[in-house]
Every structure is written in C-alpha cells, then in structure tokens.
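Observations on the model geometry
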Amino acid sequence: TEKKKCINYKSKGITAGGNEKFVSASESTIDPLIEYYGLQNFPKDQLMCRAKPEGKTIYFVGKAVKRYMDGGLQDRIMTINTGLKAFERNNNECAVGYRVNQEGIHYLVPYMTESCAPLMVVDVDDFVNCIGVGAFELGEGFSSDFAERVRKLPVGSFVVILRGYETAYAQKMMMVMWRCRGDNVNCLVSKVEKLGMKSKLRALFPDRKFDFVNDDEEKFKKKMEDRKKEKKAAEALEAKSDVVMEGAADDKKKNNEIKKVAEAKSDVVMEGAANDQEKK
C-alpha cells in the first residue's frame, strides 16, 4: 500500500484543515487606524488578518481566542473563521487605508473619543435619516449641525451613535456611514441589520411614527429621478428669470435714454424760448 505523505501545515502557513492561517495584523497597518479613528488604549494585539499581516479584512478576536491562536491551535484543528470584522480595506483613495466595519463596530466604539475621531452623537431625527438606500444629500432632512460636521470630514467612513445610547454597546444603536466626495453620505449597513435597527427604534420610541427616507430601493430610484427633474425645472426657471431680468434691464436702459433725449429736447426748447424773449 502507498504510504500517505505527512503534510507539515505549520511550515506551509495553513491550518490543519487546509485554510490559510490567521496572523496578527502588522503595526504598520494598525497604527494609522489607531490614530485616525481615535482609538485610545485599544488592545491592538487582538487584531488579526487571514494569511498575511496586511490582509483585506482585519478581525477583532477575544483575548482567550487570541491566546489559543498564538498557542498553535491552528496547527491542530481546522480554523474556518474567527472574531468579528473590525476593518475592511478601502478601494478608493481616502484619508486612511481601511474603513470601519459594522459587524464589529460595538467593540471599537468604546475606545473611540468624539473629540478626536470621526464619531458623531446624533439626535433621533438625524439617526433615522442615516438609515437608507444609496447615497443621499446632506441638505435633505438632516439638521444643519449634522451636515456641517460631516462636511468637515475627509472622504471615508465615520460612525454615528444615537444620543442617549453612547455607552449602551449591547443595544448597538450605532452605524457606520461613508462620507462621499460630493455633498452626500451613504449607510454602510446591511439590509438585514437596517431592518433590525428600525425595529429597535420603533420599540424605543413607541409614540413616534417614523418615516424612513430611502426605505425602498425602487422608491429611492424614483425619488432620485424626480429630484433630477425638479433640478432641471428649477434651472430652466432660473434661466428664464435671468432672460426676463436682462430684458427688464434693457427696457430700463432704453427708457433712460429716451428720458435723456426728451430732457435734451426740453432744454433746447426752453433755450429757444429764452432767446426769443430776449429779442422781444
């Protein structure tokens, strides 16, 4: 019988089940995130990546799990997955290479400080307006304070927390948002979790009737089309108004010229009358 080959999983950097190992995220990757997101006293040794220290996704794992992972657990058993997604690599050019992930946001927020992080505590109206489909303008429904604070942020992810629930991490009344290049924001939360968020809001505020903007994708598309039509109509009206104003200015100019001519004629007539009077 053929002798089975013994695979040295440890030397190949894979787990006993054939998956790529989880490794500690590199400091060169983590440190810019610690600084940008204002993570104070954050246990960065609990951040891991799949296969390489600069992976596409950075996972946050518990202390006990990390201890087992570092102790050679992956050499003995198949590791399918571990931890929660904390950061994901950005595809676009942004202030920092990774964005915050909604899955592990409640483990990151306790270490964030509002004064030095892209973190905003918002009232319920702004929080409700953040739940939507697609990108939506800051000038639509949001308070002026919220819009002003977002406009100061660079392109990238930021976090909003419902006022009054800043430390209620278990309830997870927080969302990851995206600051777009234009005057828009986008909600980086899955459809399923958005539904859960809406249910929690209805339970927390039973006396309020919420009107969730951009609640339906088809409605959102129609809304965007209607907005474009309104914008075109407004631009056409403004152009027409400019033409009318220009015509009015021309008419005024003509009237002034006519008035000047009439005054000049009047002066000539008066001067002629005065000369006639002197001759007499």
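Because the structure is predicted, anything quoted here is derived from the model rather than measured. (Residues numbered from 1 in each chain as written. Predicted model: local features only at pLDDT ≥ 70, side-chain atom pairs only at ≥ 80, totals over all residues. Heavy atoms only, no water.)

The full count for this structure, using the stated rule, is 9 aromatic pairs. Between Phe22 and Tyr59, the aromatic rings sit 5.4 Å apart at their centres with planes inclined by 80°, giving edge-to-face as the arrangement. Pair noted here: Phe22 is in strand E1 (residues 22-24) and Tyr59 is in strand E3 (residues 57-60), with a separation of 37 residues, a long-range link. Take Tyr59: its relative accessible area is 11%, and that puts it in the buried class. Here the aromatic rings of Phe205 and Phe210 are separated by 6.2 Å at their centres, their planes lie at 80°, and the arrangement is edge-to-face. Its relative accessible area of 22% is what places Phe205 among the partly exposed residues. Among the residues examined, Phe210 registers a relative accessible area of 13% and is labelled buried. (Phe/Tyr/Trp six-rings, centres within 6.5 Å; stacked < 30°, edge-to-face > 60°. Helix = DSSP H or I, 4+ residues; strand = E, 2+ residues; numbered from the N terminus. Buried < 20%, exposed > 50% of the residue type's maximum accessible area, 1.4 Å probe, protein only.)

Next up on the list: the confidence of the model for the protein chain. Here the protein chain shows a mean pLDDT of 82. Residues at 70 or above account for 81%. No element of the protein chain has a lower mean pLDDT than helix H1 (residues 9-12), at 52, and none a higher one than E3, at 95. (pLDDT = per-residue confidence, 0-100.)

With that settled, the discussion passes to the sheet that holds strand E10 (residues 184-187). With mixed pairing, 5 strands are arranged side by side in an open sheet as E6-E8-E9-E10-E7. Every other strand in the sheet has two partners, leaving strand E6 (119-122) and strand E7 (136-137) as the edge strands with one partner each. Summarising the sheet, E6 and strand E8 (residues 156-162) pair through 4 bridges and their orientation is parallel. Residue pairing for E8: Val121 is matched across the bridge by Ile161. Against the sheet, helix H6 (residues 144-151) makes contact with E6, E8, strand E9 (174-179) and E10, and its axis sits at roughly 180° relative to E6, the strand it touches most. (Pairing = 2+ DSSP bridges. Contact = heavy atoms within 4.5 Å. Axes fitted to C-alpha atoms, helices over the stretch in contact; angles between N-to-C directions.)

Next up on the list: the state of the cysteines. Counting across every chain of the model gives 0 disulfides. Counting only cysteine sulfurs, Cys130 is the nearest neighbor of Cys187, a cysteine outside any disulfide, at a range of 7.0 Å. (Disulfide = S-S within 2.5 Å.)

Turning to the pattern of salt bridges, a few remarks are in order. Summed over the entire model, instances satisfying the criterion amount to 10 salt bridges. One salt bridge in this structure joins Asp123 and Arg163, with 2.7 Å as the shortest N-O distance. Here Asp123, found in the loop between E6 and helix H5 (124-130), pairs with Arg163, found in the loop between E8 and E9; they are 40 residues apart in sequence, far enough to count as distant. Asp183 is paired through a salt bridge with Arg151; the nearest N and O atoms lie 2.8 Å apart. One end of the pair, Asp183, is in the loop between E9 and E10; the other, Arg151, is in helix H6, and 32 residues separate them in sequence. For Asp183, a relative accessible area of 33% puts it in the partly exposed group. (Salt bridge = Lys/Arg side-chain N within 4 Å of Asp/Glu carboxyl O.)

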